[in-house]
4 protein chains.
Amino acid sequence: MPVSWSSPVRFVECDQQGVVFNAHYLVWADEASMVWWSSAGLPWDDLVSRADPVVKASALEWSSPARWGDTVTVDAGAERLGRTSVTVRFTVRVGERVCCVVRNTYVATVGGAAVPWPDDVRARLEAVSAG
Amino acid sequence: MPVSWSSPVRFVECDQQGVVFNAHYLVWADEASMVWWSSAGLPWDDLVSRADPVVKASALEWSSPARWGDTVTVDAGAERLGRTSVTVRFTVRVGERVCCVVRNTYVATVGGAAVPWPDDVRARLEAVSAG
Amino acid sequence: MPVSWSSPVRFVECDQQGVVFNAHYLVWADEASMVWWSSAGLPWDDLVSRADPVVKASALEWSSPARWGDTVTVDAGAERLGRTSVTVRFTVRVGERVCCVVRNTYVATVGGAAVPWPDDVRARLEAVSAG
Amino acid sequence: MPVSWSSPVRFVECDQQGVVFNAHYLVWADEASMVWWSSAGLPWDDLVSRADPVVKASALEWSSPARWGDTVTVDAGAERLGRTSVTVRFTVRVGERVCCVVRNTYVATVGGAAVPWPDDVRARLEAVSAG
């Protein structure tokens, strides 16, 4: 049961090659991540003040382009939970056609340094990672 | 003696009609405004904490497109100083060819409401408005 | 009966002052314009090849900020129809609270020069301008 | 002898956490890629019509944030040349402090399908990959 975010492709997101410019996939993943964090019981606004998560790494793989006129849906799900990090997979698709898979690794920080997740945050991340 | 900011047009700024998308002119005006505020002795970082200026109105007129491969220059100069506001004119050009004139009206605020410029801020704005 | 477009504010659209950066209002107006052109029976994809409209002028007036967590709605309606141009008003609001009014003036062009609207395009614009 | 692109961080690139939003690193890598392709004797405008390269994969690793007031420099260099692809490494830094390493894999395409580089393109890519 993936958590999803969806939006029509915006005209401004398409470049002069007629396809969505690659950077916008990170924007969409970010929006989907907000839905995902909320669905885990960890709304971003609240989480920022408690674990200050930052994106440590991101990997994107494209398999087909999105274009103006398309509506993209982004399915989000936890892929790997670590002591200080969690990797979330975002599948960007137009209908059933997959355009891109984005994997973001978030790290809990204090003063910029990685730290273990607070216990209750970890409990919630475990619940959705097992799901 | 206008204050200027300049940058090559970025690929991402061009839409699928092959020209710079209109919203980016406000981004460029914003960057030029930072140079202009600094040149007036009012660096933005410092000004925000003292007068909290917000853009109240913006007017743009295009006369020719900018394209990928062009380098845009934005000349900034004060156009009108009011009790609570200042209007700055930004001329966006590629070489001598003008692409767009942007006029931004900035208003000093406290708690979101317009207030007169602090005296020393006003003195500096008068100096550059007369210049 | 205004034509509307709506979207949650995206995290990336908010600047470090915590409010939506001004350029994004032009992006939203552009998305709403696509809905408006379609509702007038002039879908953009088709219109571009027949009248090549460009935004000649844009005027924005802000009355309150939009923030992350808000959902913006943009109501679009024709304001003034000219021989070669049409001005469309976009009211950006969060619920009933108006954030910004954007007025875009579109001009029909051939080779970059303003030309009268094709007759059938004009007929459709008259229909929605009278409405 | 890396090929470099540089720019002051723009205000609009910083989010409400006060740091550059992650998607903008892909924009910067894209600008640096244009410089890199040109330096390899393969200017993008020309290359697009001959090999239609698309970004197939992208990996980003952040080590420190960039902020407004910083000037970022992006050093670009070939990392791996394949039959149909080339991976370019982009090191984004503020002075000597590395913020992010971006690796983009470009694939030559015809009609969306991966194809070997044209011989003369490959010759140029080999020259810079060995360099």
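Attention here is on the structure that accompanies the text. (Residues numbered from 1 in each chain as written. Chains lettered and ligands numbered in written order. Predicted model: local features only at pLDDT ≥ 70, side-chain atom pairs only at ≥ 80, totals over all residues. Heavy atoms only, no water.)

### Here's the deal with the relation of the copies chain B and chain D
Placing chain B over chain D gives an RMSD of 0.0 Å and needs a rotation angle of 180°, together with 0.0 Å of translation along the axis. On this basis, the relationship between the two copies can be described by a two-fold rotation axis. When C-alpha distances to the rotation axis are compared across chain B, the minimum falls at Ser 7 of chain B, with a value of 4.2 Å. The residues that chain B uses at the interface reappear at the interface of chain D in 100% of cases, marking a shared surface. (Least-squares fit on C-alpha atoms with pLDDT ≥ 70 in both. Contact = heavy atoms within 4.5 Å.)

### Examining the interface of chain B and chain D
Facing 15 residues of chain B, the contacting portion of chain D comprises 15 residues. Between chain B and chain D, a total of about 1200 Å² is buried, with carbon and sulfur atoms accounting for 57% of that surface. There are 2 salt bridges connecting chain B and chain D. Elements supplying a minimum of two residues to the side of chain B that touches chain D: β1 (3-8), α1 (23-39) and α2 (44-51) of chain B. For the side of chain B that touches chain D, the leading source of residues is α1 of chain B, giving 5 residues. Split by residue class, the side of chain B that touches chain D holds 9 nonpolar, 1 polar and 5 charged. (Buried area = accessible area lost by both parts, 1.4 Å probe. Salt bridge = Lys/Arg side-chain N within 4 Å of Asp/Glu carboxyl O. Helix = DSSP H or I, 4+ residues; strand = E, 2+ residues; numbered from the N terminus. Nonpolar A, V, L, I, M, F, W, Y, C, P; charged D, E, K, R; others polar.)

### Digging into the pattern of salt bridges
All names here are of chain C. Counted under the stated rule, the structure contains 32 salt bridges over all chains. In this structure, Glu 79 and Arg 89 form a salt bridge, with 2.7 Å as the shortest nitrogen-oxygen distance. Taken as a pair, Glu 79 in strand β3 (residues 71-81) and Arg 89 in strand β4 (residues 85-94) lie far apart in primary sequence, 10 residues in all. Judged by relative accessible area, Glu 79 falls into the partly exposed class, the value being 34%. Salt-bridge contacts for Arg 122 lead to Glu 126; the nearest nitrogen and oxygen are separated by 3.0 Å. (Buried < 20%, exposed > 50% of the residue type's maximum accessible area, 1.4 Å probe, protein only.)

### A closer look at the side chain of Thr 84 of chain C
Looking at the element boundaries, Thr 84 of chain C is found in the loop between β3 and β4. Once you skip the residues sitting within four places of it in the chain, Thr 84 of chain C turns out to touch Tyr 106, Val 107, Ala 108, Ala 114, Val 115, Pro 116 and Trp 117 of chain C.

### Focus on the pairing of strand β2 (residues 54-62) of chain C
Of the strand pairs in this sheet, strand β2 (residues 54-62) of chain B and β2 of chain C are connected by 5 bridges, and their pairing is antiparallel. From the neighbouring strand, Leu 60 of chain B faces β2 of chain C, where its bridge partner is Ser 58 of chain C. Pairing analysis gives 8 bridges linking β2 of chain C to strand β5 (residues 97-107) of chain C, with the strands arranged antiparallel. Pairing of Val 55 of chain C across the sheet is with Tyr 106 of chain C, part of β5 of chain C. (Pairing = 2+ DSSP bridges.)

### Quick notes on the relation of the copies chain A and chain D
Superposing chain A onto chain D takes a rotation of 180° plus a shift of 0.0 Å along the axis, which leaves an RMSD of 0.0 Å. Comparing contact sets, 100% of the residues at the interface of chain A also lie at the interface in chain D, consistent with an isologous, same-surface contact.

### Regarding the sheet that holds β4 of chain C
Taken in spatial order, the 10 strands line up as β1(B)-β3(B)-β4(B)-β5(B)-β2(B)-β2(C)-β5(C)-β4(C)-β3(C)-β1(C) in an open sheet, and their pairing is antiparallel. Of all strands in the sheet, those with a lone pairing partner are β1 of chain B together with β1 (3-8) of chain C, marking the two edges. Put simply, the sheet's adjacent strands are angled 20° from each other on average, direction ignored. α1 of chain B rests against β1, β2, β3 (71-81), β4 (85-94) and β5 (97-107) of chain B together with β2 of chain C of the sheet, and its axis sits at about 65° to β5 of chain B. (Axes fitted to C-alpha atoms, helices over the stretch in contact; angles between N-to-C directions.)

### A word on the sheet that holds strand β5 (residues 97-107) of chain D
By definition, the strands of a sheet pair up through backbone hydrogen bonds, in either a parallel or an antiparallel sense. Read across the sheet, 10 strands follow the order β1(A)-β3(A)-β4(A)-β5(A)-β2(A)-β2(D)-β5(D)-β4(D)-β3(D)-β1(D) without closing on themselves; strand pairing throughout is antiparallel. In this open sheet, the two edge strands, each paired with only one partner strand, are β1 (3-8) of chain A together with β1 (3-8) of chain D. Taken pair by pair, the neighbouring strands of this sheet meet at an average axis angle of 20°, ignoring direction. Pairing of strand β3 (residues 71-81) of chain A with strand β4 (residues 85-94) of chain A, which is carried by 8 bridges, proceeds in the antiparallel orientation. Note on β4 of chain A: the bridge partner recorded for Leu 81 of chain A is Val 86 of chain A. Lying on the sheet, helix α3 (residues 119-130) of chain A is in contact with β3 and β4 of chain A; it crosses β3 of chain A at an angle near 115°.

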